[in-house]
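Structural overview
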Amino acid sequence: MTVGLEPLGREHVPAVEDLLRDPHVLRFTRVPEPPPPDFAETWLRLYEQGRRDGIREGFALVGDDGDFLGLALVPRIEREARTAELGYVVAPSARGRGVATTALRLLTEWAFAELGALRLELQIAVANGASKRVAERNGYRLEGVLRSLHIKQGVREDTELWSRLPSDPA
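Values in this document were obtained by computation on a predicted structure and should not be read as measured data. Throughout this document, residue positions are counted from 1 along each chain, in the order its sequence is written. At least 70 in pLDDT is required for a residue's local features to be given in this predicted model, at least 80 for side-chain atom pairs to be given and counted, and no such filter applies to totals for whole chains, interfaces and linings, which use all residues. The side-chain values count all of the structure's non-hydrogen atoms but skip hydrogen atoms and water molecules.

Description of the overall build of the protein
The helix and strand labels rest on DSSP assignments: H or I over at least four residues marks a helix, E over at least two residues marks a strand, and numbering proceeds from the N terminus. Scanning the protein for helices and strands turns up 5 helices and 7 strands. Listed N to C, the secondary structure of the protein is β-α-α-α-β-β-β-α-β-α-β-β in terms of helices and strands. This radius of gyration counts C-alpha atoms alone. The globule rule is 2.2 Å times how many residues there are, raised to the power 0.38. Computed over C-alpha atoms, the radius of gyration of the protein comes to 15 Å, within 12% of the 15 Å expected from 2.2 N^0.38 for 170 residues, which places it in the range of a compact globule. Taking the principal axes of the C-alpha coordinates as reference, the protein spans close to 40 × 40 × 35 Å.

A closer look at the environment of Gln123
Mapped onto the fold, Gln123 is located in strand S5 (residues 119-125). When the C-alpha positions of Gln123 and Gly87 are compared, they lie 7.8 Å apart, and in sequence the two are 36 residues distant. Contacts are residue-level and defined by heavy atoms, with any inter-residue pair within 4.5 Å sufficient. The contacts of Gln123, once residues within four sequence positions are left out, are Arg30, Glu85, Leu149, His150, Thr159, Glu160 and Leu161. Here a polar contact is taken to be a pair of N or O atoms separated by no more than 3.5 Å, where protein atoms must pair a possible hydrogen donor with a possible acceptor and residues adjacent in sequence count only if both atoms sit in side chains. Within polar-contact distance, the side chain of Gln123 engages the side chain of Arg30 at 3.4 Å.

Description of helix H5 (residues 129-137)
Along an α-helix, a turn takes 3.6 residues, which lines up residues three or four apart on a common side. The rule is simple: take the accessible area with a 1.4 Å probe, protein chains only, and divide by the maximum for that residue type; under 20% is buried, over 50% is exposed, in between is partly exposed. For H5, the complete set of buried residues consists of Ser131, Lys132, Val134 and Ala135. Projection of H5 onto a plane perpendicular to its axis shows the buried side chains occupying an angular sector of 155 degrees, all on one side. Against the buried residues of H5 lie strand S4 (83-90), helix H4 (99-114), S5 and strand S7 (155-164). Downstream of H5 by a residue or two, Gly139 has a phi angle that is positive, lying close to 80 degrees. Arc definition: it is the arc formed by the directions from the helix axis to the C-beta atoms.

Here's the deal with the pattern of salt bridges
Basic side-chain nitrogens of Lys or Arg form a salt bridge, by our definition, when they fall within 4 Å of a carboxyl oxygen of Asp or Glu. Considering all chains together, one arrives at 16 salt bridges under this definition. Notably, a salt bridge pairs Asp22 with Arg95, separated by 2.6 Å at the nearest N-O pair. On the criterion of sequence distance, the pair formed by Asp22 in the loop between helix H1 (13-19) and helix H2 (23-28) and Arg95 in the loop between S4 and H4 is long-range, its members being 73 residues apart. As a salt-bridge pair, Arg45 and Glu41 come within 3.6 Å of each other at their nearest N and O atoms.

A word on unusual backbone geometry
If a residue is not glycine, its phi is most likely negative; likewise, a peptide bond is most likely trans. Pro34 follows Glu33 through a cis peptide bond whose omega is -5 degrees. Relative to the helices and strands, Pro34 is located in the loop between H2 and helix H3 (39-53). The backbone phi angle of Arg82 is positive, close to 55 degrees, even though this residue is not glycine. As for its placement among the helices and strands, Arg82 is situated in the loop between strand S3 (68-78) and S4.

Interpretation in functional terms is not warranted from these geometric data alone.
Laid out in structure tokens, this is it:
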């Protein structure tokens, strides 16, 4: 399956709204649960402003037929430190077909080439085995567990920190 990145835009909002109804997405992301009614629009504006400011970037994952497959996100860009946090969310209909692995590869290549990043990070919920396998397939290394890092619906959750440097083998 061919997967491409295109800048996240207004045309993707309906598909993002659908994605935000998926329990798996809500479980393993920092999206509030339940998402506020205008969350997809607010998120889009946040990424559009971040693109202008150079502090975050968002892409839609699209198939060769133009189908929306998910999101590839850069929620944090630290230009001076040349560091970025990456993330990916795959639509339920696209799971199990290597979309996440390809998305992270494309996003990693983009961050090294376009940002000149010297360090990339992933924050992955300890319970998210599928995402950890995607990180491993893309040459990311587990650095450790950040205990009680995120709180969602009153529950604190441990998060694994994974990283990749340009010198790491893919």
